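Residue strings, one per chain:
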Amino acid sequence: MKIAVIGGTGLIGSKVVERLKADGHEAVPSSKSTGVDVISGEGVEKAVAGADVVVDLTNSPTFDDAAPEFFRQSMGNLLAAARKAGVGHFVMLSIVGVDQVPELDYYRAKTLQEELLAAGPVPYSIVRATQFMEFMDAVMSWTADGDTVRLPTTPIQPIAAQEVADAVAEAAVGSPLRGVHNVAGPEVFPLDELGRITLTARPDGRTVVTDDTAGMFAVVRGDVLTGKGDASRAPTRYADWLASH
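Conventions and cut-offs
Residues numbered from 1 in each chain as written. Predicted model: local features only at pLDDT ≥ 70, side-chain atom pairs only at ≥ 80, totals over all residues. Heavy atoms only, no water. Helix = DSSP H or I, 4+ residues; strand = E, 2+ residues; numbered from the N terminus. Rg over C-alpha atoms; globule rule 2.2 N^0.38 Å. Buried < 20%, exposed > 50% of the residue type's maximum accessible area, 1.4 Å probe, protein only. Contact = heavy atoms within 4.5 Å. Areas by Shrake-Rupley, 256 points an atom, 1.4 Å probe, with all protein chains shown as cover. Lys, Arg positive; Asp, Glu negative; His and termini not counted. Charge placed at Lys NZ, Arg CZ, Asp CG, Glu CD. 1 Å grid on protein atoms, 1.4 Å probe; cavity = no way out; pocket = protein on both sides within 12 Å on 5 of 7 lines; lining within 4 Å. Points joined across faces, edges and corners; volume = space filled by probe spheres on them. Phe/Tyr/Trp six-rings, centres within 6.5 Å; stacked < 30°, edge-to-face > 60°. Nonpolar A, V, L, I, M, F, W, Y, C, P; charged D, E, K, R; others polar. Expected span 1.5 Å × (residues − 1). Axes fitted to C-alpha atoms, helices over the stretch in contact; angles between N-to-C directions. Parallel < 35°, antiparallel > 145°, perpendicular 65-115°, else oblique. Left-handed = near helix turned anticlockwise from the far one by under 90°.

**Student:** For the overall build of the chain, give the residues involved together with the corresponding values.
**Tutor:** Helices and strands together make up the secondary structure of the chain, namely 8 helices and 12 strands. Over its C-alpha trace the chain gives a radius of gyration of 18 Å, about what one expects of a compact globule, namely 18 Å for 245 residues. Its C-alpha atoms put the chain at 55 × 35 × 35 Å along the principal axes. Relative to its 245 residues, the chain shows a buried fraction of 49%. Restricting the contact set of the chain to residue pairs at least 6 apart, pairs at least 24 apart contribute 81%. Here the chain displays about 10700 Å² of accessible surface, and carbon together with sulfur accounts for 51% of that area. Counting 21 positive and 32 negative side-chain charges, the chain places the averaged centre of each group 5 Å from the other.

Structure representation (structure tokens):
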């Protein structure tokens, strides 16, 4: 199969391309660095021409109220190009529980992206993943103040980026779901505990303080960001991932 991977040079995209190629498919990565601009539309038709499948791994450059317009424009341009090219399957990556946190601009934007795809002209699959293990350092940096990192007790079910990429690649070569497939890591942690585990494995002098008002995850209600019964469970445990990174 020929698969156009839009956003194919990023953390997940590069791994998706590698996995698809290893499985014998023609995976073609596109991004701004390859001359494809999903907002202006420049290079988009060329990027999807001849593709059996389009995989959308693009991401808004900001997490604020500009994010919805990014996804509105990018999805509109990609769907129009995919329809023109006769693409039979469109896959996008989203977030487990994304439609349950309307307080966050970025989550509302990703929900809009899902809705545009579902209402569009191309058969589709949405892969929703829990929070990436690779993002934990960034999450801690958002609420770090000197030697203190403030984190809420929000339940998080971290998954390795490679396993997210594997799920996306598997969806891309399968039949369109016309729905959502959830993937999650094997363990659930309170976010503050996850921070302590991280800093114990990689001591840098900082201490985690529990603060249920700190950071973007403070507005999350209950365990909506964790995989429920229908979610596929990836095998890599966080401690093992830390040890290998």
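**Student:** Quick one: what's the story with the layout of surface pockets, residue by residue and with numbers?
**Tutor:** Summary: where empty space remains is shown by rolling a probe the size of a single water molecule over the atoms. As a volume, the largest pocket reaches approximately 770 Å³. Together, 35 residues line the largest pocket, and L57, T58, N59, Y106 and F135 are the ones closest to its centre. Looking at the lining of the largest pocket, the elements that each hand over two or more residues are α1 (11-22), β4 (89-95), α4 (105-118) and α5 (136-142).

**Student:** A description of the environment of V96 should follow, citing residues and the corresponding values.
**Tutor:** Along the chain, V96 turns up in the loop between β4 and α4. Note on V96: relative accessible area 3%, which makes it buried. For the pair V96 and W241, spaced 145 residues apart in sequence, the C-alpha to C-alpha distance is 21 Å. Not counting residues up to four positions away in its chain, the partners in contact with V96 are R128, A129, T130, N182, V183, V224, L225, T226 and G227.

**Student:** Go over the packing of aromatic side chains with me, naming the residues and quoting the values.
**Tutor:** One pass over the full model with this rule turns up 8 aromatic pairs. A ring pair is formed by F70 and F71, whose centres lie 5.1 Å apart and whose planes are at 85°; its orientation type is edge-to-face. Look at F132 and F135: their rings are 4.9 Å apart centre to centre, the planes differ by 40°, and that puts the pair in the tilted class. Among the aromatic residues, those joined into a ring-pair cluster are F63, F70, F71, Y106, Y107 and W142.

**Student:** Can you tell me about empty space enclosed by the protein, naming the residues and giving the values?
**Tutor:** Taken as a whole and assessed by the stated rule, the structure comprises 2 cavities of 30 Å³ or more. Residue lining of the largest cavity: Q131, F132, M133, F135, M136, V139, I156, P158, L191, L194 and F217, and that is the complete set. Looking at the lining of the largest cavity, its residues break down into 10 nonpolar, 1 polar and no charged. In this structure, the second largest cavity occupies an estimated 40 Å³ of space. Taken together, V139, W142, T143, R150, L151, P152, L191, A214, G215, M216 and F217 make up the full set of residues lining the second largest cavity. Listed by contribution, the elements that provide at least two residues to the lining of the second largest cavity are α5 and β7 (148-151). Taken together, the residues of the lining of the second largest cavity sort by class into 8 nonpolar, 2 polar and 1 charged.

**Student:** Now, about α4: what can you tell me, with residues and values included?
**Tutor:** An ideal rise of 1.5 Å per residue puts 20 Å on 14 residues; α4 measures up with 20 Å between its terminal C-alpha atoms. Regarding α4, the residues found buried are Y106, Y107, A109, K110, T111, L112, Q113, E114 and L117. Where the residues of α4 are buried, they touch β3 (53-56), α3 (67-85), β4 and β5 (124-129).

**Student:** Requested: an account of the packing of α3 against α4, with residues and values cited.
**Tutor:** Axis separation between α3 and α4 bottoms out at 8 Å; the angle between their running directions is 20°. Classed by the angle they form, the pair α3 and α4 counts as roughly parallel. Between α3 and α4 the crossing geometry is right-handed. The residues of α4 that touch α3, namely those facing A67, P68, F71, R72, M75 and L79, are D105, Y106, A109, K110, L112, Q113, L116 and L117. In terms of residue class, the contact of α3 with α4 is made up of 10 nonpolar, 1 polar and 3 charged.

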